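Residues per chain, in single letters:
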Amino acid sequence: MSAKDAPPPLPEPLLVEVADSHTHLDMQSGTVEEALVKAAAVGVTTVVQVGCDVKGSRWAAETAAAHENVHAAVALHPNEAPRIVLGDPDGWSRQGAREAGGDAALDDALAEIDRLAALPHVRGVGETGLDFFRTGPEGVAAQERSFRAHIEIAKRHGKALVIHDREAHADVLRVLDEEGAPERTVFHCYSGDAEMAEICAAKGYYMSFAGNVTFKNARPLRDALAVAPLELVLVETDAPFLTPAPFRGRPNAPYLIPVTVRAMAEVRGIGENELAGAIAVNTARAFDY
C-alpha cells in the first residue's frame, strides 16, 4: 500500500461527542463495525449513512436498523435519475451498464425510495438535488423530476431532506421555493458562498461542511461558514471522498471528523468544544433522533 492509499492516522479525540452527518460506509474499506469503533475512539459517536441508488438505500436502511448509532438517509442521487431514465451505456455507476428505462423505471425506483423512507431507522431523504457538473443538459429534466418527488416524499414522511447541489445553486433554491421545502432541509457538503449562506440562513436550511472547507482554495466556503448561524451548522465527511487537509487524496472515514471540526472552529473563532457541542445538538435536531 502506498502512502497515498494508506488511511490517515487517528486524530486527537474530541472531548465533546459529535455526529458525522453524511457518510458512505458502503464505499469505504473495512467493516461497518471497524469504522464505528475507530470513529467512537475520537468522539464521533453517530453517523448518518446515505444512499445514492436503490441498492445503496436498502443497504443504508438495513445498516441503520442493525446499529443504534447509525441513521439512514435514502434517495436516488441526482446523477442516478438520468441513468435510470436515459440508460448508462458506459456503466459509470456501481450498477454497470444499463438500458434506458424511461419515466416508468424512474417511477418504480422512486416508489422503492418512498417505501424505505417510511422506516423508523431512516431519518432522511437524500442525497437528492441537482448536479450540473456530471450530468449534461439532456439529463436535467430527469434530475428535476426526481428532486421534486424526493421533496414530496420527505414532507409526507416527516423526514429531513438531504440536498446534493453541485454547480446548481440557483436552480436548487428555485425548486425548493416552488415545492415548499420540508421543515428540516440540509445542504450536504455545502458548496455555496457567503451570499448563498445568508439565503439558506433566512430559510432555516442547515449547512453541512465537509473536509473541503480545509482546502487552500476554499476561501468562499470559509467565508460562508463564518456567516452561517451556529445553530444551522453541521459537519460531515462524505467519506471516502473529500478527505481534509493535510490528508487530501487519501481515503476519508468518519474518524477524521475532528480534523474538520478543528479547522471550522478556527474559522469561527470559537473553541472546538463549543463548536462540537453545537454540531451535536444541530445534527440531532436536523435528523430528529
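Preceding this section is the structure that the text describes.
How each quantity is defined
Residues numbered from 1 in each chain as written. Predicted model: local features only at pLDDT ≥ 70, side-chain atom pairs only at ≥ 80, totals over all residues. Heavy atoms only, no water. Helix = DSSP H or I, 4+ residues; strand = E, 2+ residues; numbered from the N terminus. Buried < 20%, exposed > 50% of the residue type's maximum accessible area, 1.4 Å probe, protein only. Lys, Arg positive; Asp, Glu negative; His and termini not counted. Salt bridge = Lys/Arg side-chain N within 4 Å of Asp/Glu carboxyl O. Polar contact = N/O pair within 3.5 Å; in protein donor to acceptor, adjacent residues only side chain to side chain. Contact = heavy atoms within 4.5 Å. Core = buried A, V, L, I, M, F, W, Y, C linked by side-chain atoms within 4.5 Å. Pairing = 2+ DSSP bridges. Right-handed = clockwise from strand over helix to strand, strands pointing away.

Q: Can you lay out the side chain of E236 for me, pointing to particular residues and giving the numbers?
A: Note that E236 resides in the loop between β8 (233-235) and α9 (257-268). The charged side chain of E236 is buried without a salt bridge, its nearest counter-charge being R166 at 12 Å. At 2.8 Å, the side chain of E236 and the side chain of H188 are in polar contact. Reaching out from E236, the side chain makes a polar contact with the side chain of S208 at a distance of 2.8 Å. Apart from the residues within four sequence positions on either side, E236 is in contact with D20, S21, H22, H188, C189, S208, F209, A210, G211 and I257.

Q: Help me get a handle on unusual backbone geometry, residues and values and all.
A: The linkage connecting G126 with the following residue, E127, adopts the cis geometry, with an omega of 15 degrees. Along the chain, E127 turns up in strand β4 (residues 122-131). Unlike most non-glycine residues, D288 shows phi in positive territory, near 55 degrees. By the secondary structure assignment, D288 is in the segment after α10 (272-286).

Q: Let's hear about the nonpolar core: which residues, and what values?
A: Counting residues in each nonpolar core, the largest one holds 83 residues, and the members touching the most others are F147, L176, F187, Y190 and M264. In contact with F147, not counting residues within four places along its chain, are T128, G129, L130, L161, I163, V172, V175 and L176.

Q: Tell me about the pairing of strand β3 (residues 70-74), residues and numbers included.
A: Most of β3 sits inside the fold, with five of its five residues counted as buried. In this sheet, β3 lies alongside strand β2 (residues 44-50) in parallel orientation, the contact comprising four bridges. Within the sheet, the bridge partner assigned to V47 lies in β3 and is V70. Read from β2 through helix α2 (residues 54-66) to β3, the crossover connection turns out right-handed. Where β3 and β4 come together, three bridges link them in parallel fashion.

Q: Kindly report on the environment of H121, identifying the contributing residues and their values.
A: Looking at where H121 falls in the secondary structure, it is placed in the loop between α4 (102-117) and β4. Relative accessible area serves as the criterion here: at 37%, H121 is assigned to the partly exposed category. A sequence separation of 67 residues divides H121 from V54, and the C-alpha atoms of the two residues are 16 Å apart.

Q: Describe the pattern of salt bridges, listing the residues and the values that go with them.
A: Per the counting criterion, the structure on display carries 18 salt bridges. Among the ionic pairs, R148 bridges to E178, the shortest N-O distance being 2.6 Å. Of the two residues, R148 sits in helix α5 (residues 140-157) while E178 sits in helix α6 (residues 169-179), which places them 30 residues apart along the sequence. Accessibility expressed as a relative area gives 21% for R148, which makes it partly exposed. Among the ionic pairs, D171 bridges to R174, the shortest N-O distance being 2.9 Å. Taken together, the positions of D171 and R174, both in helix α6 and three residues apart, correspond to about one turn of that helix. Under the relative-accessibility criterion, D171 is labelled partly exposed at 26%. Residues participating in the shared-partner salt-bridge network are E144, R148, D171, R174, E178 and E179.

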